[in-house]
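Listed below are the residues making up each chain.
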Amino acid sequence: MKIAIAGAGAMGGRFGSMLAKNGEDVVLIDQWEDNVKAINQHGLKIETDTGTEMYPMRAYLPQEIDEKMDLIIFFTKTLQLERMIQAIKQVIQPDTQVLCLLNGLGNIETMEKYFDRECIFMGVTMWTAGMKGPGYIHLSGDGSIKIQNIGASGEKKAQNLCDVLSQAGLKASYSPDIMESIWWKAAINGCLNAPCTILDCDIQALGSTPQINPMLTAILGEFQAVAKSQGISLDVDQIMSDLAKTFDPSQAGKHFPSMHQDLIQHHRLTEIDYMNGYVSRIGKEKGIDTPVNTFITELVHNKEYLLKAQ
Ligand code: NAD
């Protein structure tokens, strides 16, 4: 199968290398020139808890590649997704399958603007990865993927896609209600990412703050109301219990969420408009009050401004 990974950062590198090691014909496409150059010169540098390897892979800037793909897996940041789709039009055929595993809300609207619903697969992944520099990723821990087709007739194709990913060790399974999983993950991220970024702390420290429960309840109440307006049911008690587990230092507690890494550590623009900011925007459209998520979104944008994030 000819597979393009569109967005060859931490997650794109993980998925691309695991699929290639299983014998798939994989190319990496990325807009970051230094990254593409490093991968082509030395291979993808993959660091794990047990060692480091240089794994040879082909990488291209979007404008450099003109090969038709059977499958494209998107792993840009959410705010880069639309630009990437536009930049790689030449590799897309009418029956190219496209899989979006980005975090955040609103990605499905972007995908539907450019692809036939029958070709779109949406998913969530619990795999993680970190970017240490151009062509250099760190992988640790275990993960899984849930996938669903968006078009009415695509369940069989989604199952086949799960097989391709699972054979590469990526543990993919079919989900009949992927939008609930996408909202669940966005709600978890909406409670951890922006608060840890604004407070400049890890997840364990966030969990130890005296006002944590009222703050999370306020954020989640607004997520729940806006999700309901989209026909999605969010179980706030379950999410509160899932969040409590992440505060544990033996779980995710010692981890700085990706928004903290992006903005505070690397001065990069964040995915806030597709997390708390999406709840704020859709809330306004639907006449649902979302003062807490609106304020959080403004704080993160102000921090982006102060840090001259790009
Ligand atoms: P990433 O930042 O590593 O890569 C995303 C894009 O940004 C890539 O095109 C990459 O080349 C580019 N990029 C990275 N650093 C750059 C730099 N210094 N200068 C210029 N460009 C740079 O993002 P990711 O962690 O792979 O995440 C991709 C998507 O997957 C996001 O939606 C994220 O929320 C989601 N996700 C991430 C994880 C994780 O553990 N990293 C887990 C689940 C979902």
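Because the structure is predicted, anything quoted here is derived from the model rather than measured.

Criteria and cut-off values
Residues numbered from 1 in each chain as written. Predicted model: local features only at pLDDT ≥ 70, side-chain atom pairs only at ≥ 80, totals over all residues. Heavy atoms only, no water. Salt bridge = Lys/Arg side-chain N within 4 Å of Asp/Glu carboxyl O. Axes fitted to C-alpha atoms, helices over the stretch in contact; angles between N-to-C directions. Helix = DSSP H or I, 4+ residues; strand = E, 2+ residues; numbered from the N terminus. Parallel < 35°, antiparallel > 145°, perpendicular 65-115°, else oblique. Contact = heavy atoms within 4.5 Å. Nonpolar A, V, L, I, M, F, W, Y, C, P; charged D, E, K, R; others polar. Phe/Tyr/Trp six-rings, centres within 6.5 Å; stacked < 30°, edge-to-face > 60°. Buried < 20%, exposed > 50% of the residue type's maximum accessible area, 1.4 Å probe, protein only. Pairing = 2+ DSSP bridges.

1. So, the pattern of salt bridges
For step 1, the next point in the chain: In the structure shown here, the tally under the stated rule is 13 salt bridges.
For step 2, the next point in the chain: When salt bridges that share partners are traced, they join Lys2, Asp25, Arg58 and Glu67 into one network.

2. Points about the packing of helix H8 (residues 212-229) against helix H12 (residues 291-306)
For step 1, the next point in the chain: As a packed pair, H8 and H12 sit with axes 8 Å apart at the nearest point and diverge in direction by 110°. Between H8 and H12, the crossing angle belongs to the class labelled roughly perpendicular. Contacts from Ala218, Ile219, Glu222 and Phe223 in H8 reach Pro291, Val292, Asn293 and Ile296 in H12.
For step 2, the next point in the chain: Tallied by class, residues from the contact of H8 with H12 come to six nonpolar, one polar and one charged.

3. A look at the packing of aromatic side chains
For step 1, the next point in the chain: Applying the stated criterion to the full structure yields four aromatic pairs.
For step 2, the next point in the chain: Centre to centre, the rings of Phe74 and Phe115 are 6.1 Å apart; their planes meet at 50°, and the pair counts as tilted. With Phe74 in strand S6 (residues 71-74) and Phe115 in the loop between helix H4 (107-114) and strand S8 (120-125), this residue pair connects regions lying 41 residues apart in the sequence. Assigned by exposure class, Phe74 and Phe115 land together as buried.
For step 3, the next point in the chain: Geometrically, the ring pair formed by Trp183 and Tyr278 is edge-to-face, given 6.1 Å between the ring centres and 65° between the ring planes. Placement of the pair is Trp183 in helix H6 (residues 178-199) and Tyr278 in helix H11 (residues 276-286), with a sequence separation of 95 residues.

4. Focus: the sheet that holds strand S2 (residues 25-29)
For step 1, the next point in the chain: Reading across from one edge, S5-S2-S1-S6-S7-S8-S11-S12 is the order of the eight strands in this open sheet, with mixed pairing throughout. The open sheet has two free edges, formed respectively by strand S5 (58-60) and strand S12 (172-174), since each of these has just one partner strand. Neighbouring strand axes in the sheet, compared pairwise and without regard to direction, differ in orientation by 25° on average.
For step 2, the next point in the chain: Taken together, the five bridges between strand S1 (residues 2-6) and S2 define a ladder with parallel strand orientation. Paired with Lys2 across the bridge in S2 is Asp25.
For step 3, the next point in the chain: Those strands touched by H4 are S6, strand S7 (97-100) and S8, and its axis lies near 155° from that of S8.
For step 4, the next point in the chain: Against the sheet, helix H5 (residues 155-167) makes contact with S1, S6, S7, S8, strand S11 (145-149) and S12, and its axis sits at roughly 165° relative to S12, the strand it touches most.

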